[in-house]
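Structural overview for review
So you can see what is in the structure, the chains are spelled out below.
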Amino acid sequence: MKRRVVVTGIGLVTPLGSGVTATWEALLAGKSGVGPITRFDASGYPAQIAAEVRDFDAEAWFDRKQAKNTDLFVRYGVAAAEMAWQDSGLSVNDENSQRIGVITGCGMGGLPTIEECHQVVLERGPRKITPFFIPRVIPNMVSGQVSIRLGCKGPNLSQTTACAAGTHAVGEAFRHIAYGDCDVVIAGGAEAVICPLAVGGFSAMKALSTRNDAPELASRPFDRDRDGFIISEGSGMLVLEELESARKRCARIYAEIIGFGLSSDASHITAPPEDGEGAARCMAMALRDARLNPEEVDYINAHGTSTPLNDRCETQAIKTVFGEHAYRLAVSSTKSMTGHMLGAAGGIEAAFCALILHHGVIPPTINLDNPDPACDLDYVPNVAREQRVSVALSNSFGFGGTNGVLAFRRYA
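What counts, and at which threshold
Residues numbered from 1 in each chain as written. Predicted model: local features only at pLDDT ≥ 70, side-chain atom pairs only at ≥ 80, totals over all residues. Heavy atoms only, no water. Salt bridge = Lys/Arg side-chain N within 4 Å of Asp/Glu carboxyl O. Helix = DSSP H or I, 4+ residues; strand = E, 2+ residues; numbered from the N terminus. Buried < 20%, exposed > 50% of the residue type's maximum accessible area, 1.4 Å probe, protein only. Polar contact = N/O pair within 3.5 Å; in protein donor to acceptor, adjacent residues only side chain to side chain. Contact = heavy atoms within 4.5 Å. 1 Å grid on protein atoms, 1.4 Å probe; cavity = no way out; pocket = protein on both sides within 12 Å on 5 of 7 lines; lining within 4 Å. Points joined across faces, edges and corners; volume = space filled by probe spheres on them. Nonpolar A, V, L, I, M, F, W, Y, C, P; charged D, E, K, R; others polar.

**Quick look at the pattern of salt bridges**
With the rule as written, the count across this model stands at 21 salt bridges. In this structure, the salt-bridge partner of Asp 87 is Arg 252, at a minimum N-O distance of 2.3 Å. Placement of the pair is Asp 87 in helix α3 (residues 72-88) and Arg 252 in the loop between α9 (243-248) and β9 (255-264), with a sequence separation of 165 residues. On the basis of relative accessible area, Asp 87 is assigned to the partly exposed category, the value being 25%. Notably, a salt bridge pairs Arg 226 with Asp 372, separated by 3.0 Å at the nearest N-O pair. A residue pair is termed long-range when its members are at least 10 positions apart, and Arg 226 in the loop between α8 (196-204) and β8 (234-242) and Asp 372 in the loop between β12 (361-362) and β13 (385-386) qualify at 146 residues.

**Concerning the side chain of Glu 241**
Among the structural elements, Glu 241 can be located in strand β8. Using a relative accessible area of 0% as the deciding quantity, one classes Glu 241 as buried. A polar atom in the side chain of Glu 241 sits 2.6 Å from the side chain of Ser 245. Within the structure, the side chain of Glu 241 is placed 2.8 Å from the side chain of Arg 249, a separation counted as a polar contact. Among all residues touching Glu 241, those that are not within four sequence positions of it are Arg 4, Val 5, Val 6, Thr 8, Leu 90, Ile 177, Asp 183, Val 184, Ala 246 and Arg 249.

**Things to note about unusual backbone geometry**
You will see that Leu 342, though not glycine, has its phi angle at about 55 degrees, which is positive. Leu 342 gets classed as buried once you look at its relative accessible area, which sits at 3%. With phi around 50 degrees, Val 380 is a residue other than glycine that occupies positive phi space. Mapping Val 380 onto the fold places it in the loop between β12 and β13.

**Overview of the layout of surface pockets**
In this structure, the largest pocket encloses a volume near 510 Å³. Of all elements in the fold, only α11 (308-322) and β14 (391-398) reach the threshold of two or more residues within the lining of the largest pocket. Class assignment of the residues belonging to the lining of the largest pocket gives a composition of 15 nonpolar, 13 polar and four charged. Within this model, the second largest pocket holds a volume of roughly 300 Å³.

Structure, rendered in structure tokens:
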């Protein structure tokens, strides 16, 4: 028998605000976090807009020297993890430290540091590379730093599975607790690659929206006029805890995680199959793991990137799994407001699912003004909806054909 796993802490750093309250309020208000790129001169790029984190104070979490010697994605990840840890009310001691783990996800690691240090080599030579170059860029440094700072001596892992990384991290954390490897895991994702190489690279793939004259309208999942995703950044972390541990200390429980599915499209390096077959299998796996019938699901937080292919294929996958019940589901894409945080997206969207179940309010899909005829489900257009949700899924699909789905239940 698997042990039950619940969410007892949440930490968020997003373009909608730093902290759970700021992000959640902006999300329910339908605010967009998208604007012109300010990190570098993007005037020569096809895509000149992004969802940047604007109110993050690194010195609230790091001293000045520590901040200088860590990449931005690590700063975001550590801050979100420590927020979640504080929110949980847990503490680490000699008795429990080996039963507490950290599992995080990241898609690209410290790409801005790579850019910076490459320029140093070109201009000043290899002897001027900072000794912190490698620790700044490797993707597992979020889990490493969090483990060190909090004293967690359990599993210390990093998932690097593109845009499914955060979901895979939370799913693996769920399994580690369910099967008894540990009692508590801090899990989620972090990403910060709004930089010339990433924006240029995704632009070269024609993956990004070029609606530069109206940034707040650019992310429009499931809309007929969508033209690509908005690159974003941030971190979402959750504290997952074995249920009896949480009960014993009378912890606040946001939601229960009850299932995890993962699959491969085995089809194309970037494009999902037209019928969404891999995504459908992944959702079905999560339902099977959770011992759920499709009709028991009330809500899906869609991957919903605002690219023409993804949104159409994800819609088809939902119809394949849920049949007629697909039209009774509420489905929304919070990426319409946050943009696409790549490897951090799954952690942030898992947190959103927990908050939806806890508060009974579904965030909208904003900018859904002209629905694509191929996308004909209930996407909660433009206005948040008060609705009691008992079971929710969170979908994440990444380049390389990697898929991850989490199933959550309202805890009562």
